[in-house]
Amino acid sequence: MAVEYSWPSKEKATQIGKRHTRLDGLEKSTGAAKYTYDINLKNQLIARALGCPHAHCKIKSIDTTAAQAVKGVVHIEPLRKVDDEIEWQGEMILVVAAESEAAAAEGCEKVKIEYEMLPSFTSEEDIAAAKAAKRTIKGGGKAVTVKEPGDDDDEDEFVTKEIERLLKEAAYTVDGYYGIDAITHSCLEPHGSTVEWQGNKLMVHLSTQNVSGTDEGFAKDLNITSDDVEVHCDFIGGGFGSKFAPDYWGIAAARISKATGRPVKFMLTRAQEQQLGGNRPSGYMKVKLGANKDGIITVWDSEHWGSAGAIPGGVSHTVVPYVFTPPNYRRLQTNLKTNTAQSRAWRAPNHPQASAMTQTAIDDLAAKMQANSLDVFLKNLGTDEKPLISGAKPSVYKAEIELAAKLMDWNAKWHPHGKGDKKGSIVEGLGMALHTWGGGANSSNCLLKIYPDGGVETTCGTQDLGVGTRTVLAVVLAETFGLTPDKIKVNIGSSRMPVSGPSGGSTTVGGICESHRRAGQDAFASIAELVGKKLGVDPTKLEAVGGRVQVIGDASKGVSWKEACTLIGMRPLEVNGSYKSGVDSPLSSKQVGGVQMAHVAIDRDTGIIKMRKFVAVQDIGLVVCRQQAESQVYGAVIMGIAAALFEQRITDPKTGSFVNAELSNYKLARLGDIGEVVVEFYEPESERSRGVIGIGEPPAISPIAAISNAVCNALGVRVPVVPLTPQRVLAALKAKA
Amino acid sequence: MTPSTNTPERSSRDVASRDTAGGFSRRAFLHGSGAVAAAATLQTSATAFAQAAGGGTSIVSGETTIELSVNGKTHSVKAEPRTTLLEVLRYQLDLTGAKPVCNDGSSGAATILVDGKPMQANTLFAIAMVGKQIETVESLAKDKVPAAFTACDAQQCGFCTPGFVVAVKAFLDKKPKATETEIREGLNGNICRCGTYVNIVQAAVKLVKGDA
Ligand code: FES
């Protein structure tokens, strides 16, 4: 009998959508949770890398004699050799393994290296300088016009003329410049591993968001097969898209362990984490847009550039302008090759930058019209029948805008750009932005065991990046079996477990809910069969509720869960749950929309911006664990506040040196910086019935544009590039005056 | 001119206004209380070191065995003058709650209590800790603070959480009646990259109210 997979209705659900305590919350809060950095293996060596101090150079000589003589230094593993060209600061040259952190660090200090300096380039915002230095590479683009070129027309020429014409005819135009600096992932637990060879088998404790997918990487580089590698990660101290691979330092750890016959712990230093552990490409854009008298954008013409490091890339033009799709547009992308480490995926790759560079232009249109930004955003949505956007439906955004406006008290607080009350030197303003993201379920497998004594255990090669994976799994199974989450045993965090996808793209919760609900429903069908036989009732008329398996709606006809499980027999019931990404399913879906609004206050004398209030409205389909889902949105918003106001990778234009690669200088948001944050899910039945959709990324997209727009609304001046540092605020005010 | 002085105090429940009390200070923006707190610990550490190692009595070099009182127990540990308390805790005592996140204490992740005062274990020399009462997050296993953090879901990846738990514990021990405004102004020595601040405020407020 085929099981029809489904979620219980809102009325019937006892666990799904409720507030739950994170199952491993106490472990994390008391220091009992062991992260990769915390795994201390007997007789382990501590490895530390020597990073290149220069952004661009050639190695002339390496002398490790003095390093080898340092007391406690056991092994030196070369990673680069003489004559190698180094293209970014921090790149590892060699690794010193020693008896203690201090000895390893001293070993690194004692290595003598001669470098030949080469010219470096890190001025990402300066496109003219980049062109002069031949550091630009075409990054693609696209042009679309309603009017088609004739057969004889040169297409490029036609588009240029057509765009000029449309801009000329437009009732309003905006000629803007916007940008966003590169930022770093700044995972609090740096990248790294603690490794040990057990015979020919490699045991790796890896700080990874890809438990099931990193064993191959180790195997390939070490000439063994994946079955000889176990990657283990119970807890990970932040990843945000930067921890998908073993990385060359993970391989180095394994090699050193092999060479010395001892376990090795090799974690990046803080500076290395900032330099190498991951960064998000910068983006700077020149744009002209035209709108009709109603403020509906008719034409968009933009050119943007930025850097993803020495291996060029950048913000994809495919998400420009962001969410909005005007009928006529031209977008060009130029990539810069800079002497900075290669960028890594960052929570919603491309989207935050695209939003920051383009939804600011839309707000400038409102400023130009002296119109309410909310109205301009609304008008440019179109209708469900004739959308002017991509991603979520216009009706969803409309409803969310209304909800957000109410929570923000937008209409009462609104004033045209630069026209608000001044209290001394303080001005206040409102801004908004909207976003979309896929978040479809990843592939996931699990092994579910139901024991004859009623115990329930699942094993799944997934990880907890911070979403509360264990809690989500327990809640799904508890709901399915009519139990409470504390009755479910969850095993995750090993590549030996059934393969589950990496945590990237907001795909984890969708994926693991798919595999577990499927396994759960299949298991329940088997148990219902047995109970049905015993009670003489139709097994399809049985439900699991309140610790019992009983006839639907009739508590008197049933048995306890424990009793039901005794019918399984001597051995546990084992069920595999499986879901393949992309397969249509009633349990999960994709593509969400969210609306965010910011209220800020700015001191015009000092340029300091303070968050007053932030509202995030988000649709995520079916909410599984309400409290953890809310936490995800809070966290995403706070990360966005940091990117909007504080965070930037600062490089010295002369030397290319990343000058603030320490947390004392790399400014992140702190507890006192965030103001009031309000999170609301948009979850009418039409959304709930779509099933589970990932939430990790979407709410991290809009904060930057929303805050920049609020600042513009307050000041009446656009501060073009984020982070909106006091210096930049003052410069923008000065430029206007 | 700083505008904050003429902004009236409002009720502590009025979250929207909480940052008006002192929020616009240029100094606060530039340094952040994290850096200030870190500087304070460094200084304390240096002073303690001077007292332990200096004072005209002896110069310590090489590895020595010292006794440290950690979580109410005396431990014999090995330390060089350069060995930090954090290294001893993590590698010799396997107390890994305090985390190595930064070099200068600016992240607050290695917050521990020394004679009841919050300090950063990575900025303290182990040999300077002889004779002091050291308490780590592990000693708070049954305390109300971790319970409140858990109830308010004040951890995502959780790597910052032990440091934050100790910071909140020390803060509320000193200010058991702290208002929400004071909580928001007084816990800026720690960084959470995942952004659990809203939940941490909730946890601290809950603890003040006594319903944790
Ligand atoms: S919970 Fe991840 S850094 Fe705070």
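Values in this document were obtained by computation on a predicted structure and should not be read as measured data.

**Student:** How should the overall build of chain A be read in this particular structure?
**Tutor:** Broken down by element type, chain A carries 19 helices and 30 strands. Scaling as 2.2 N^0.38, a compact globule of 737 residues should have a C-alpha radius of gyration of about 27 Å, and chain A matches this with 28 Å. Along the first, second and third principal axes, the C-alpha set of chain A runs to 80 × 70 × 60 Å. Every one of the 737 residues in chain A was classed for burial, and the buried ones make up 64%. Element-wise, carbon and sulfur atoms account for 51% of the exposed surface of chain A, whose accessible area totals about 26500 Å². Of the charged side chains in chain A, 83 are positive and 86 negative, and the gap between their average positions amounts to 2 Å.

**Student:** Just to check I follow, could you spell out a positive patch on the surface for this structure?
**Tutor:** On the surface, a cluster of positive charge is made up of Lys419(A), Lys422(A), Arg604(A) and Lys736(A). Structurally, Lys419(A) can be placed in the loop between α12 (410–413) and β18 (422–423).

**Student:** Please clarify how the sheet that holds strand β3 (residues 111–114) of chain B should be interpreted in this entry.
**Tutor:** Think of a sheet as strands paired side by side through backbone hydrogen bonds, with each pair either parallel or antiparallel. Residues and elements named next belong to chain B. With mixed pairing, five strands are arranged side by side in an open sheet as β2-β1-β5-β3-β4. A single partner strand is all that each edge strand has here, and the edge strands are β2 (73–79) and β4 (117–120). If you compare each strand with its neighbour and ignore which way they point, the axes differ by 45 degrees on average. Contacts from helix α2 (residues 85–92) reach β1 (64–70), β2, β3 and β5 (133–135), with the element oriented near 105 degrees to β2. Running at roughly 40 degrees to β3, helix α4 (residues 161–174) makes contact with β3 and β4 of the sheet.

**Student:** Where do I start with the packing of α4(B) against helix α6 (residues 197–209) of chain B in this structure?
**Tutor:** Any two packed helices are characterised by the angle at which their axes cross and by the distance between the axes. Residue and element names in this part refer to chain B. At a closest axis distance of 11 Å, the pairing of α4 and α6 adopts a crossing angle of 35 degrees. Here α4 and α6 pass one another in a crossing that is right-handed. Packed against α4, whose contacting residues are Phe 164, Val 168 and Leu 172, the element α6 presents Tyr 197, Ile 200, Ala 204, Leu 207 and Val 208 at the interface. Of the residues contributing to the contact of α4 with α6, the split by class is eight nonpolar, no polar and no charged.

**Student:** Quick question: what am I supposed to make of the pattern of salt bridges here?
**Tutor:** When their charged atoms lie close together, side chains carrying opposite charge are able to pair. All names here are of chain A. Evaluation of the coordinates by the stated rule reveals 41 salt bridges over all chains. Put simply, Lys 81 and Asp 84 hold a salt bridge, and the shortest N to O gap is 3.2 Å. Taking relative accessible area as the criterion, Asp 84 reaches 12% and is therefore assigned buried. Taking the shortest distance from any N to any O, the salt bridge between Glu 683 and Arg 626 comes out at 2.7 Å. You can see Glu 683 sitting in the loop between β29 (676–681) and α17 (685–688) and its partner Arg 626 sitting in helix α16 (residues 626–645), a full 57 residues away along the chain. Connected via shared salt-bridge partners are Arg 80, Lys 81, Asp 84 and Glu 91.

**Student:** How should the interface of chain A and chain B be read in this particular structure?
**Tutor:** Where interface size is given, it is often the accessible area lost as the parts come together that is meant. If you look at the interface, chain A gives 70 residues, while chain B gives 65 residues. Between chain A and chain B lies a buried interface of about 5700 Å² when both sides are counted; carbon and sulfur atoms form 56% of it. Of all residues in chain A, Leu188(A), Arg670(A) and Leu671(A) give up the largest surface area on contact with chain B, accounting jointly for 15% of the area buried on that side. One can count six salt bridges joining chain A with chain B. There are 37 residue pairs in polar contact (both at pLDDT 80 or more) connecting chain A and chain B. Those elements that provide at least two residues to the side of chain A that touches chain B are α1 (25–29), α3 (101–110), β27 (592–603), β28 (609–618), α16 and β29 of chain A. Among the elements that line the side of chain A that touches chain B, the one with the most residues is α16(A), at eight residues. Counted by class, the side of chain A that touches chain B contains 30 nonpolar, 22 polar and 18 charged residues.

**Student:** Would you take a moment to explain the sheet that holds strand β6 (residues 112–117) of chain A for this structure?
**Tutor:** All names here are of chain A. An order of β4-β2-β6 is seen for the three strands of this open sheet, with the pairing classed as antiparallel. A strand with exactly one partner marks an edge of an open sheet, and here the two such strands are β4 (85–86) and β6. The pairing of strand β2 (residues 57–63) with β4 spans two bridges and is antiparallel. In the strand pairing of β4, Cys 57 is matched with Ile 86.

**Student:** How should I be thinking about empty space enclosed by the protein in this particular structure?
**Tutor:** A probe matching the size of a water molecule, rolled over the atoms, marks out where space remains unfilled. Residue and element names in this part refer to chain A. A complete count under the given rule lists eight cavities of 30 Å³ or more for this structure. One number sums up the size of the largest cavity: a volume of about 140 Å³. Here the element with the most residues in the lining of the largest cavity is α16; it accounts for three residues. In terms of residue class, the lining of the largest cavity is made up of eleven nonpolar, three polar and no charged. Approximately 60 Å³ is the volume attributed to the second largest cavity. In terms of lining residues, the second largest cavity is bounded by Trp 88, Gln 89, Gln 275, Asn 339, Thr 340, Ala 341, Arg 649, Thr 651, Gly 656 and Phe 658. Split into classes, the residues belonging to the lining of the second largest cavity amount to three nonpolar, six polar and one charged.

**Student:** Can you help me understand the pairing of strand β20 (residues 444–450) of chain A in this one?
**Tutor:** Put simply, side chains in a regular strand alternate between the two faces of the sheet. Residues and elements named next belong to chain A. Of the two faces of β20, only the one carrying Ser 444, Cys 446, Leu 448 and Ile 450 is buried; Asn 445, Leu 447 and Lys 449 on the other face are not. Relative to strand β26 (residues 573–579), β20 runs antiparallel, the two being bridged by seven bridges. Bridge assignment links Asn 445 to a residue of β26, and that residue is Ser 578. With four bridges connecting them, β20 and strand β21 (residues 456–460) associate as antiparallel partners. Residue pairing for β21: Leu 447 is matched across the bridge by Thr 459.

Conventions we followed
Counting restarts for each chain, with residues numbered from 1 along the sequence as it is written. Here the convention is simple: chains get letters from A, ligands get numbers from 1, in the order in which they are written. Reporting in this predicted model follows two pLDDT cut-offs: at least 70 for local features of residues, and 80 or more for side-chain atom pairs to be given and counted; totals over whole chains, interfaces and linings ignore these cut-offs and use all residues. With hydrogens and water set aside, each side-chain value is computed from the structure's full complement of heavy atoms. Only DSSP runs of H or I covering at least 4 residues are called helices, and only runs of E covering at least 2 are called strands; the numbering of each starts at the N terminus. Every radius of gyration here is taken over C-alpha atoms, with the globule rule written as 2.2 Å times N^0.38, N being the number of residues. Buried residues are those whose accessible area, probed at 1.4 Å on protein chains only, stays under 20% of the maximum for their type, while exposed residues exceed 50% and partly exposed ones sit between those limits. For accessible areas, the Shrake-Rupley method is used with a probe of radius 1.4 Å. Any residue's cover is judged against the shown protein chains and nothing else. All tallies of charge rest on Lys and Arg as positive and Asp and Glu as negative; His and the ends of each chain are not included. Where a charge sits is defined by one atom per residue type, namely NZ (Lys), CZ (Arg), CG (Asp) or CD (Glu). Residues with no salt bridge and a relative accessible area higher than 30% make up the patches, which join like charges within 9 Å and nonpolar side chains (Val, Leu, Ile, Met, Phe, Trp, Tyr) within 5 Å. The salt bridge criterion pairs a side-chain nitrogen of Lys or Arg with a carboxyl oxygen of Asp or Glu, the two atoms within 4 Å. Between any two strands, pairing holds if DSSP finds at least two bridges. The axes are straight lines fitted to the C-alpha atoms, using for helices just the contacting stretch, and the angles between their N-to-C directions are given from 0 to 180°. We call two residues contacting when some pair of their heavy atoms lies within 4.5 Å. By convention the crossing between two helices is left-handed if the near helix lies anticlockwise of the far one by an angle smaller than a right angle, and right-handed if it lies clockwise. Any residue that is not Ala, Val, Leu, Ile, Met, Phe, Trp, Tyr, Cys, Pro, Asp, Glu, Lys or Arg is counted as polar, Gly included; the first ten are nonpolar and the last four charged. By convention, the term buried area covers the 1.4 Å-probe accessible surface removed from two parts as they join, with the contributions of both added. The definition of a polar contact used here is a pair of N or O atoms within 3.5 Å, where within protein one atom must be able to donate a hydrogen and the other to accept one, and adjacent residues in sequence count solely through side-chain atom pairs. For cavity detection a 1 Å grid was placed over the protein atoms alone, and a set of points counts as a cavity when a 1.4 Å probe fits there but cannot get out; an open set counts as a pocket when protein lies on both sides within 12 Å along at least five of seven lines, with lining residues being those that have an atom within 4 Å of a point. Grid points are joined across faces, edges and corners, and a volume is the space filled by probe spheres set on the points.

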